[in-house]
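# Analysis of the macromolecular model
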Amino acid sequence: MAAGVTLTVTACGGDTEEPGDREVSPTVVTESSEPSTSSPTTTSSLSLTPVPKALDGDAVEEAVRSVLTGSYGIADVESVRCPQQPAVIEGATFDCTAIIADESKRIPIKIVDEEGRYEVGLPV
């Protein structure tokens, strides 16, 4: 496996992919579940501050595990843990942690656009 390879992932919440629906080149694209936003609970105040979008951490964990096993061919992925609501900000990065063959590995993630697509890097 070549060092420096990353996969772009965008996961679709609730949609199921057919086996041929995923493009694989140096980049795999899968839709992320709709970025979540929070809204004010009261209607009496109006906020002019934009509410940032956030990824669904559970969906990111599933997508990262899928990329590690399916695209990178890593067989011994025991678990994946990611931040629960990473903000969707183009260029932002965060790390997930995977247990692979009883060893903890850092999985670098980079948000590539405001739509919530992200790259899954190789385990470090």
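In case you missed it, the structure is sitting above this.
The following refers to the structure shown. (Residues numbered from 1 in each chain as written. Predicted model: local features only at pLDDT ≥ 70, side-chain atom pairs only at ≥ 80, totals over all residues. Heavy atoms only, no water.)

### Considering the overall build of the protein chain
A count of helical and extended segments in the protein chain gives one helix and five strands. N-terminal to C-terminal, the α/β element order of the protein chain is β-α-β-β-β-β. Classification of the 124 residues of the protein chain by burial places 32% in the buried group. (Helix = DSSP H or I, 4+ residues; strand = E, 2+ residues; numbered from the N terminus. Buried < 20%, exposed > 50% of the residue type's maximum accessible area, 1.4 Å probe, protein only.)

### Concerning the nonpolar core
Where a protein is soluble and globular, its nonpolar side chains tend to be buried together. In terms of nonpolar packing, the biggest core is built from 22 residues, with Val64, Leu68 and Cys96 touching the most fellow members. Ranked by the residues each element gives to this core, the list is headed by helix α1 (residues 57-71), at five residues. With residues up to four places along the chain from it excluded, the contact list for Leu68 reads Gly73, Ile74, Val77, Val80, Ala98, Ile107 and Pro123. (Core = buried A, V, L, I, M, F, W, Y, C linked by side-chain atoms within 4.5 Å. Contact = heavy atoms within 4.5 Å.)

### What to know about the pattern of salt bridges
Pairing between side chains of opposite charge can happen when their charged atoms approach one another. The final tally for this structure, using the stated rule, is four salt bridges. Among the ionic pairs, Glu61 bridges to Arg81, the shortest N-O distance being 3.6 Å. With a gap of 20 residues between them, Glu61 in helix α1 and Arg81 in strand β2 (residues 77-81) connect regions that are remote in the sequence. The buried category is assigned to Glu61, whose relative accessible area is 11%. Classification of Arg81 by relative accessible area gives exposed; the value is 55%. Across the pair Asp95 and Arg106 runs a salt bridge, and its minimum N-O distance is 3.2 Å. One end of the pair, Asp95, is in strand β3 (residues 93-100); the other, Arg106, is in strand β4 (residues 103-111), with eleven residues separating them in the sequence. (Salt bridge = Lys/Arg side-chain N within 4 Å of Asp/Glu carboxyl O.)

### Let's talk about the environment of Lys110
Within the fold, Lys110 resides in strand β4. What makes Lys110 partly exposed here is its relative accessible area of 39%. As a C-alpha pair, Lys110 and Asp95 span 15 residues in sequence and 8.6 Å in three-dimensional space. Leave out the neighbours within four places in its chain, and Lys110 touches Gly91, Ala92, Thr93, Arg117, Tyr118 and Glu119.

### A closer look at the state of the cysteines
Evaluation of the coordinates by the stated rule reveals one disulfide. Each sulfur of the disulfide joining Cys82 and Cys96 lies 2.0 Å from the other. Disulfide Cys82-Cys96: the torsion about the S-S bond is 115°, which places it as right-handed. Of this pair, Cys82 sits in the loop between β2 and β3 while Cys96 sits in strand β3, placing them 14 residues apart in sequence. A relative accessible area of 0% means that Cys96 is categorised as buried. (Disulfide = S-S within 2.5 Å.)

### Observations regarding α1
In a regular helix each residue adds 1.5 Å, so 15 residues correspond to 21 Å; α1 covers 20 Å between its end C-alpha atoms and thus fits that length. Regarding α1, the residues found buried are Gly57, Ala59, Val60, Glu61, Ala63, Val64, Val67 and Leu68. Put simply, Asp56 is the residue that caps the front of α1, since its side-chain oxygen is 3.1 Å from the backbone nitrogen of Asp58. (Expected span 1.5 Å × (residues − 1). Polar contact = N/O pair within 3.5 Å; in protein donor to acceptor, adjacent residues only side chain to side chain.)

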